[in-house]
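One-letter residues, chain by chain:
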Amino acid sequence: MHLDTHDLPLSTTSAEAAEHYREGVRLILAAWPGAEAAFDAAIAADPDFALARAGRARAYALNAQPQQMREQVAAARTLVAKSGTERERSHVEVLELAFTGRSAEALTAALAHADRWPRDVLVLSMPLGAFGLFAFSGMADHDQARVDLCARHAASFADDDWWFLTSHGWALVENGEVARGRDMIERALALRTANANAVHALAHAMFEGGDGEAAQALIAGWLPSYDRAGVLHGHLAWHAALVALEQGDAAAALRIYEDQVRPGVSRGLPINVVSDAASFLWRLDLYGHGAPQAGWEQVAGYARQAFPKPGHAFVDAHLALIEAATAGREALGRRIATLEADPRGVALAEVVPAIGRAAQAFADADYAACVRTLEPVAGAVVRIGGSGAQRQVIEDTLLVALMRAGAADKAQALLERRLHRRPSSRDAAWLAGL
């Protein structure tokens, strides 16, 4: 009997296939290049190995290749029905639900699967992270849900399990337990330095702790070891650009953006490319530095191709920023109307349309209207998913609108709450200037 990375049985008679599969899993969990080749080698060694096909589907998903992803899931489903175990059949079912757009069903199935087989880490990983099934569920308490899930299954993992330490630590950081989470993530990175997910989580921990200089040093020292083909390369550079902005060095931030983050140079997932580019350029304008219009047009063109239809709250919130910044008033109006008619919950029907209207009002310099629109939904922005660092651009928009609308008391209260939560030289300067 051959086992996976966490000692669960695998339905393959090939030791070679099993080893290649384990390596593919480790690379997926570390967001490290090479998983595709590992799963291909596993399939070559045993064409009937269903979980190798499922793993290959995961790798195709990370490369934004939906057609190939669906083909591998279909192959895995056929194979696992013939010779897979109950655990493997459930594993493939969860992936199929997620990869065919049935995310609510996938979340339910993943949680039930984890209760029976918590060490099946490729399934347990699916509800976790800023882009996981919990984050994109529309829940207001998805940060707490991730912490609870990790706590429920912590006893199933050793104290030196680098993947679980990374995932649990980041869940804690996003839920406000920054010091405890950072400690776990640092331990995970020490156990496996070739772990982009740990570096990413640690950058978030440093951001949430107001430790921008540490984040800058971490990324500068580690990123050169990470191939540009790595799915998180551009996003980690985005974090470095945000640190430069926090330090007031807009020129350095823009250089990082142009070299590593913008469409055409970043090789990350389209959702990362669009959200990173849109939020960075919006911040440049928001903070008074002035984003290059050519940059806005470039990301607008990329976004129209990558996401031709509305329906994903996190993406649509960023597309709203792009349309507001590029005078796409008609496109933004159509997006808002479509989302308001969407039956899939408050994030799409209420929060994102409000973000869109507020962004348009801000672009029109109607700051009072921006405040009136955004203030009532500010507490619900968490429903769009993503991380706290990613969603902060929306709160920043409200804050700057408050200051420009002359609502100094409200701006002061918001700044004081933010500074209590996270040290920030920019926020301190804004507060001193009120």
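Residues numbered from 1 in each chain as written. Predicted model: local features only at pLDDT ≥ 70, side-chain atom pairs only at ≥ 80, totals over all residues. Heavy atoms only, no water.

Caption draft 1: Region of the structure containing the packing of aromatic side chains. Under the defined criterion, the tally for this structure stands at 16 aromatic pairs. Between Y21 and F49 the ring centres are 5.3 Å apart and the planes differ by 55°, which places this aromatic pair in the tilted class. A residue pair is termed long-range when its members are at least 10 positions apart, and Y21 in helix α1 (residues 15-29) and F49 in the loop between α2 (35-45) and α3 (50-62) qualify at 28 residues. Judged on exposure class, the residue Y21 and its partner F49 are both buried. When the centroid spacing of 6.4 Å and the interplanar angle of 85° are considered together, the rings of W282 and W296 count as edge-to-face. (Phe/Tyr/Trp six-rings, centres within 6.5 Å; stacked < 30°, edge-to-face > 60°. Helix = DSSP H or I, 4+ residues; strand = E, 2+ residues; numbered from the N terminus. Buried < 20%, exposed > 50% of the residue type's maximum accessible area, 1.4 Å probe, protein only.)

Caption draft 2: Here's a closer look at the environment of D364. Looking at where D364 falls in the secondary structure, it is placed in the loop between α19 (346-363) and α20 (367-374). Here D364 falls in the partly exposed class, since its relative accessible area comes to 41%. Remark: the alpha-carbon pair of D364 and T108, spanning 256 residues in sequence, is separated by 43 Å. A polar contact is formed between the side chain of D364 and the side chain of R329, at a distance of 2.9 Å. (Polar contact = N/O pair within 3.5 Å; in protein donor to acceptor, adjacent residues only side chain to side chain.)

Caption draft 3: Spotlight on the packing of helix α12 (residues 212-222) against helix α13 (residues 233-246). Where α12 meets α13, the axes come as close as 9 Å, and the angle between the chain directions of the two elements is 140°. Seen along the crossing, α12 lies across α13 with a hand that is left-handed. Taking contact as the criterion, the partners of G212, A215, Q216, I219 and W222 in α12 are, on α13, L236, H239, A240 and V243. When its residues are assigned to classes, the contact of α12 with α13 shows 6 nonpolar, 3 polar and no charged. (Axes fitted to C-alpha atoms, helices over the stretch in contact; angles between N-to-C directions. Left-handed = near helix turned anticlockwise from the far one by under 90°. Contact = heavy atoms within 4.5 Å. Nonpolar A, V, L, I, M, F, W, Y, C, P; charged D, E, K, R; others polar.)

Caption draft 4: Region of interest: helix α22 (residues 408-421). With 14 residues, α22 should reach 20 Å at 1.5 Å per residue; the first-to-last C-alpha distance of 20 Å fits that figure. Within α22, the full set of buried residues consists of A411, L414, L415 and R418. Relative to the axis of α22, the buried residues are bounded by an arc of 100° and lie together on one face. Residues of α22 that are exposed and point more than 90 degrees away from the buried face comprise D409, R417 and H420. As for α22, its buried residues are in contact with α21 (388-404) and α23 (425-433). (Expected span 1.5 Å × (residues − 1). Arc of directions from axis to C-beta.)

Caption draft 5: Quick peek at unusual backbone geometry. Even without being a glycine, D7 presents a positive backbone phi close to 70°. By the element assignment, D7 lies in the loop between β1 (2-3) and β2 (9-10). According to the relative accessible area criterion, D7 is exposed, its value standing at 54%. Its identity is not glycine, yet A327 carries a phi of approximately 60°, on the positive side. You can see A327 is positioned in the loop between α17 (313-325) and α18 (329-340).

Caption draft 6: How the structure looks around the pattern of salt bridges. Tallying each qualifying case throughout the model produces 27 salt bridges. The partner of D40 in a salt bridge is R56, with the nearest N and O atoms 2.8 Å apart. Within this pair, whereas D40 is found in helix α2, its partner R56 is found in helix α3, the two being separated by 16 residues in sequence. Taking relative accessible area as the criterion, R56 reaches 7% and is therefore assigned buried. Here E86 makes a salt bridge to R116, at a shortest N to O gap of 2.6 Å. Of the two residues, E86 sits in helix α5 (residues 86-99) while R116 sits in helix α6 (residues 103-116), which places them 30 residues apart along the sequence. Taken together, the shared-partner salt bridges in this structure form one network comprising E395, D396, R418, R421 and D427. (Salt bridge = Lys/Arg side-chain N within 4 Å of Asp/Glu carboxyl O.)

Caption draft 7: The arrangement of helix α15 (residues 270-286) in detail. Helix length check: α15 (17 residues) gives 24 Å between terminal C-alpha atoms against 24 Å at 1.5 Å per residue, within 8%. A large share of α15 lies buried, amounting to 15 of its 17 residues. Trailing α15 by a residue or two, G288 shows a phi angle of about 85°, which is positive.

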